[in-house]
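Observations on chain architecture
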Amino acid sequence: MGIGLRKPKFELKTPEQFALMRDAGLVVAAALEQVRQAAAPGVTTLELDAIAEACIRDAGASPSFLGYHGYPASICVSVNSEVVHGIPGPRVLESGDLVSVDCGAIVSGWHGDAAISIPIGEVSPEVQTLSDVTRDALWAGLAAAVAGNTIGDIGAAVQSFVERQAHPYGLVVDYVGHGIGSSMHMPPNVPNIGTAGKGPQIVVGMALAIEPMVTLGSAEVDVLSDDWTVVTDDGLAAAHWEHTVAITADGPVVTTAFDGGSEGLGRAI
Ligand code: MF3
Ligand code: CO
């Protein structure tokens with residue numbers, strides 16, 4: 001125990017910096033909404049990338065994924081058994097596909113990062129429920145992102161939400177959420193499993209990206225030979241939902257939700 005000021009372990013944002021993160025989050029929300037409206041049978045994943053990039057640039061923001069560790073596009077588009085980091089290309093979407101779209105934008109140096117899973121045409125009830133469970137597990141995690149809790153409380157909320165479902169879903173643990181702010185990926189890691197009360201303390205000024213990845217079967221994943229695309233081992237479908245959340249004295253503010261998260265947090269609490 002020291003006396004005096006300790007350097008915080010994690011980047012803590014001022015209200016002004018949170019305001020810029022909110023601007024970036026709203027750009028991401030708008031881009032994902034345009035992609036959601038455009039995604040339909042017959043559309044290619046590369047067309048979705050163009051829509052998102054135009055939306056980001058028209059807002060005066062920049063796409064954070066483009067060029068990140070050499071990543072060649074502005075969004076990730078992961079179809080069916082692809083979990084995350086699918087690269088947009090000539091693939092044509094078909095009715096029954098579940099398409100996870102991940103998007104990041106930068107405004108004045110500050111980041112937003114979010115993902116949604118989109119049903120194309122008619123999807124099976126089990127695939128729709130997979131997406132709904134993943135989305136609601138995210139909201140359970142976001143509701144736990146309050147000052148005084150720990151990172152383990154977030155993982156425990158996500159994990160217990162998924163494990164209380166009747167279907168034995170796979171909860172992917174090889175990829176995790178993350179701190180976010182002046183970079184897309186910063187400490188701390190935010191796992192989708194955890195023990196309540198364990199892990200780093202959550203304090204006002206932190207911002208986190210929470211991003212559960214849930215599968216219909218095995219939680220084991222592989223990376224394809226393109227060195228990006230993460231797929232389920234068993235070939236069954238996966239869903240991915242993500243939001244960026246700012247930890248304020250008044251509670252979590254979901255920067256990448258149009259309403260700041262009020263509806264989803266209301267449901268989750
Ligand atoms: N946005 C992803 C995440 O949620 C990372 C995308 S990797 C990139 O952490 F290379 F596509 F940017
Ligand atoms: Co992320």
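Here is a short report on the structure shown in this document. (Residues numbered from 1 in each chain as written. Chains lettered and ligands numbered in written order. Predicted model: local features only at pLDDT ≥ 70, side-chain atom pairs only at ≥ 80, totals over all residues. Heavy atoms only, no water.)

1. Things to note about the environment of Gly121
Operational definition: A run of DSSP states H or I qualifies as a helix once it reaches four residues; a run of E qualifies as a strand once it reaches two. Both are numbered from the N-terminal end.
Structurally, the position occupied by Gly121 is in the loop between strand E5 (110-119) and helix H3 (125-143). In sequence terms Gly121 and Asp97 are 24 residues apart; their C-alpha atoms lie 7.7 Å from each other.

2. Looking at the sheet that holds strand E6 (residues 170-171)
Condition: Pairs of strands are assigned from DSSP output, requiring at least two bridges between the strands. Contact criterion: two residues are considered in contact whenever any of their non-hydrogen atoms come within 4.5 Å of each other. The angle between two axes is taken between their N-to-C directions and runs from 0 to 180 degrees, where each axis is a line fitted to C-alpha atoms and a helix contributes only its stretch in contact.
Ordered by their spatial adjacency, three strands build an open sheet running E6-E10-E13, and the pairing between neighbours is antiparallel. Lying at the two open borders of the sheet, with one neighbouring strand each, are E6 and strand E13 (238-240). Taken together, the three bridges between strand E10 (residues 213-215) and E13 define a ladder with antiparallel strand orientation. Pairing of Val214 across the sheet is with Ala239, part of E13. Of the strands in this sheet, E10 and E13 are in contact with H3, which crosses E13 at around 35°.

3. What about a negative patch on the surface?
The following threshold applies: The patches described consist of residues with a relative accessible area above 30% and no salt bridge, like charges being joined within 9 Å and nonpolar side chains (Val, Leu, Ile, Met, Phe, Trp, Tyr) within 5 Å. Only the protein chains shown count as cover for residues, with accessible areas throughout obtained via the Shrake-Rupley method and a probe of 1.4 Å. The salt bridge criterion pairs a side-chain nitrogen of Lys or Arg with a carboxyl oxygen of Asp or Glu, the two atoms within 4 Å. Think of it this way: Lys and Arg go in the positive column, Asp and Glu in the negative one, and His and the chain ends go nowhere. Where a charge lies is defined by one atom per residue type, namely NZ (Lys), CZ (Arg), CG (Asp) and CD (Glu). Here the term buried applies to any residue with accessible area under 20% of the maximum for its type, exposed to any over 50%, and partly exposed to those in between, with areas from a 1.4 Å probe on protein chains only.
Among the surface-exposed residues, Asp174, Glu220, Asp222, Asp233 and Asp234 lie close enough to one another that they form a single negatively charged patch. For Asp174, the position within the fold is in the loop between E6 and strand E7 (177-179). Note on Asp174: relative accessible area 49%, which makes it partly exposed.

4. Let's talk about the coordination of the cobalt ion (ligand 2)
Between any two of four tetrahedral donors, the ideal angle at the metal is 109.5 degrees; between two of six octahedral donors, it is 90 or 180 degrees. Filter applied, for reference: Here a donor is any nitrogen, oxygen or sulfur atom (N, O, S) within 2.8 Å of the metal, with 3.2 Å used for Na, K and Ca; water is not among the atoms considered, so some sites may look incomplete. Here the metal geometry follows the donor angles, with tetrahedral for four donors whose angles all fall between 85 and 135 degrees, square planar for four and octahedral for six when opposite donors are more than 155 degrees apart and every other angle is between 65 and 115, and irregular for all the rest.
Coordination of the cobalt ion (ligand 2) by the protein is provided by Asp113 (OD), His178 (NE2), Glu211 (OE) and Glu242 (OE), with metal-donor distances spanning 2.0 to 2.4 Å. Around the cobalt ion (ligand 2), the six donor atoms are arranged such that angles at the metal cover 52 to 176°; this shape is classified as irregular. Positions of the donor residues of the cobalt ion (ligand 2), expressed as sequence spacing, correspond to D-x64-H-x32-E-x30-E. Taken together, the residues Asp113 in strand E5 and Glu242 in the loop between E13 and strand E14 (243-248) connect sequence positions 129 residues apart. Both residues of the pair, Asp113 and Glu242, belong to the buried class.

5. What to know about the pattern of salt bridges
Following the criterion strictly, the structure yields six salt bridges and no others. Residue Arg91 pairs with Glu82 through a salt bridge whose shortest N-O separation is 3.5 Å. Taking the relative accessible area as the measure of exposure, Glu82 reaches 15% and is therefore buried. One connected set of salt bridges, linked through shared partners, spans Asp132, Arg135 and Asp136.

6. Points about the layout of surface pockets
For the record, the criterion: Using only the protein atoms, space was sampled on a 1 Å grid; points where a 1.4 Å probe fits but cannot get out form cavities, open sets with protein on both sides within 12 Å along at least five of seven lines form pockets, and lining residues are those with an atom within 4 Å of a point. Grid points are joined across faces, edges and corners, and a volume is the space filled by probe spheres set on the points. Asp, Glu, Lys and Arg are counted as charged, while Ala, Val, Leu, Ile, Met, Phe, Trp, Tyr, Cys and Pro are counted as nonpolar; the rest, among them Gly, fall into the polar class.
Taken as a whole, the largest pocket encloses approximately 570 Å³ of empty space. Counting only elements with at least two residues in the lining of the largest pocket, the list comes to helix H1 (15-38), E5, H3 and helix H5 (262-268). The set of elements that each furnish at least two residues to the lining of the second largest pocket consists of E7 and strand E8 (186-190). Class assignment of the residues belonging to the lining of the second largest pocket gives a composition of 11 nonpolar, six polar and four charged.

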